Amino acid sequence: MKISCYLTFALILLLTACSEPDSPSSDDTADTSEAATEENPAAEGFDEAGSDPEAIAIADSIVKYHGGRKAYDDVRYLSWNFFGARSLVWDKEEDRVRIEAPRDSMVYLLDFSDDDLTGAVSKNGEEMTEPDSIDLYLQDAYSMWINDSYWLVQPFKLKDSGVTLTYEGEGDDPQKQRPSDILKLTFKEVGDTPGNMYKLYVDQDNYRINTWQFFRTAEDAEPSISTPFDGYQDYAGIMLSGDRGGRFQLSDISVTNEMDDSVFTEF
C-alpha cells in the first residue's frame, strides 16, 4: 500500500497487555524476536539491511501488544475524526476512503487501489465535473488520508516500504517520564515528505508508545511536534490511541468489518 508519513495538514491547524513483557534489552530478546518477526512480516521494500535488529524487535513487540498483525490485517473499515477538522472512513481492503470536511463544504470519494487516483468530489453540495479540478482535489484527499491514517495506525506501520528503523537507546520519554526505548524512523523515497523523521519513545513495560516526535528533516535538532499517546482503547482487538494532547485529538474512532458500499460511492 502506498503509505508513509505526511504531516503538513497537522502542522497547520496504541494496550492489550495481558501480562507485562520483558524489555527488549532482556536476555531472551533473541529468542522471541524471530517469532515476533514471523507474526509481523515486513512490507516489500522495508529497509531491513539498514535497520537495527534491536529496533526491529521492538517494532514487532509494539505490533504484538497492540493486538497483533493478524487482528490489524483482519480489520476492514476504520472511521475517525481528525482534529475536529474532517472525518474519514477508510476501506482498508479495497483502498478507498471517504473524507468529509465540513468547514470547506467538501466531500471526497477517493479510490487509490491503482496507480491513478480515481473518484469524485463534491463542493457546497454540488458534484464537481471539471476533470483537472477533480484530479487536484483527489490528490489533496490522498495527502489527507496519508497524514491522518498515519496518526491513527502508525504503530502497525513501522516496517512499511521505505522505512529504516534505528535504535537510539534508552531514556525517559519527555511527556510521561516513563522508562522507554527510543526508535528513530527515517524514510527512503516514499510518501509525500520522505525527508521527515520520527522518534518514538516506547514503554519498556507494555510496548505502548509514550511519546512520538516529528522532525521536518533528519537534520533537525528539535522536533516540530512532540505529543503523548493517550486514550488507548481496544477497537475490535487492536489498540489505538486517540488523545495526543491539546488540540491533537483523533475522535469518533470506530473499527468494523461491515459497511454499506454507498459510503464510498455516493455523496
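You'll find the structure just up there.
Residues numbered from 1 in each chain as written. Predicted model: local features only at pLDDT ≥ 70, side-chain atom pairs only at ≥ 80, totals over all residues. Heavy atoms only, no water.

1. A closer look at the nonpolar core
- Core analysis: the largest hydrophobic core is formed by 61 residues, its most contacted members being Leu-78, Trp-80, Trp-90, Leu-185 and Leu-240.
- At 11 residues, helix α5 (residues 131–153) tops the list of elements feeding residues into this core.
- Trp-80 has contacts with Arg-86, Ser-87, Leu-88, Trp-90, Asp-148, Ser-149, Leu-152, Leu-250, Ser-251, Asp-252 and Ile-253, leaving out every residue within four places of it along the chain. (Core = buried A, V, L, I, M, F, W, Y, C linked by side-chain atoms within 4.5 Å. Buried < 20%, exposed > 50% of the residue type's maximum accessible area, 1.4 Å probe, protein only. Helix = DSSP H or I, 4+ residues; strand = E, 2+ residues; numbered from the N terminus. Contact = heavy atoms within 4.5 Å.)

2. As for the pattern of salt bridges
- This structure, assessed with the given rule, holds 15 salt bridges.
- The salt bridge involving Asp-73 is made with Arg-69; its shortest N-O contact spans 3.5 Å. Within this pair, Asp-73 and its partner Arg-69 are both found in helix α4 (residues 69–74), separated by four residues, close to a single helical turn.
- Among the residues examined, Asp-73 registers a relative accessible area of 45% and is labelled partly exposed.
- Salt-bridge contacts for Lys-157 lead to Asp-160; the nearest nitrogen and oxygen are separated by 2.5 Å.
- Residues participating in the shared-partner salt-bridge network are Arg-76, Asp-91, Glu-93, Arg-96 and Asp-261. (Salt bridge = Lys/Arg side-chain N within 4 Å of Asp/Glu carboxyl O.)

3. A closer look at the sheet that holds strand β4 (residues 106–111)
- Strand order in the open sheet formed by seven strands is β6-β5-β4-β3-β2-β1-β14, and the pairing between neighbours is antiparallel. The sheet is open, and its two borders are formed by β6 (126–127) and β14 (250–256), each paired with just one other strand.
- Direction of pairing for strand β2 (residues 86–91) relative to strand β3 (residues 96–101): antiparallel, over a ladder of five bridges. Of the residues in β3, the one forming a bridge with Trp-90 is Val-97. (Pairing = 2+ DSSP bridges.)

4. Comments concerning a negative patch on the surface
- A cluster of acidic residues, Asp-114, Asp-115, Asp-116, Glu-130, Asp-132 and Asp-135, forms a negative patch at the surface.
- Following the sequence through the fold, Glu-130 ends up in the loop between β6 and α5.
- Assessed through its relative accessible area of 38%, Glu-130 is described here as partly exposed. (Patch = residues over 30% accessible without salt bridge, like charges linked within 9 Å, V, L, I, M, F, W, Y side chains within 5 Å. Areas by Shrake-Rupley, 256 points an atom, 1.4 Å probe, with all protein chains shown as cover. Lys, Arg positive; Asp, Glu negative; His and termini not counted. Charge placed at Lys NZ, Arg CZ, Asp CG, Glu CD.)

5. Structural notes on the pairing of β4
- Within β4, five of the six residues are buried, which leaves it mostly tucked inside the rest of the structure.
- With six bridges connecting them, β3 and β4 associate as antiparallel partners. By the bridge assignment for β4, Glu-100 is matched with Val-107.
- As judged from the six bridges shared by β4 and strand β5 (residues 118–123), these two strands associate in the antiparallel manner. Bridging across to β5, Tyr-108 finds its partner in Val-121.
- Hairpin connection between β4 and β5: a loop of six residues separates the two successive antiparallel strands.

6. Remarks on the environment of Val-163
- The residue Val-163 is located in strand β7 (residues 163–172) in this model.
- In this structure Val-163 comes out as buried when scored by relative accessible area, which is 2%.
- When the C-alpha atoms of Val-163 and Lys-188 are compared, they prove to be 6.5 Å apart, with 25 residues separating the residues in sequence.
- Sequence-distant contacts of Val-163, defined by excluding residues within four places in its chain, comprise Phe-46, Asp-47, Ser-51, Lys-157, Leu-158, Leu-185, Thr-186 and Phe-187.

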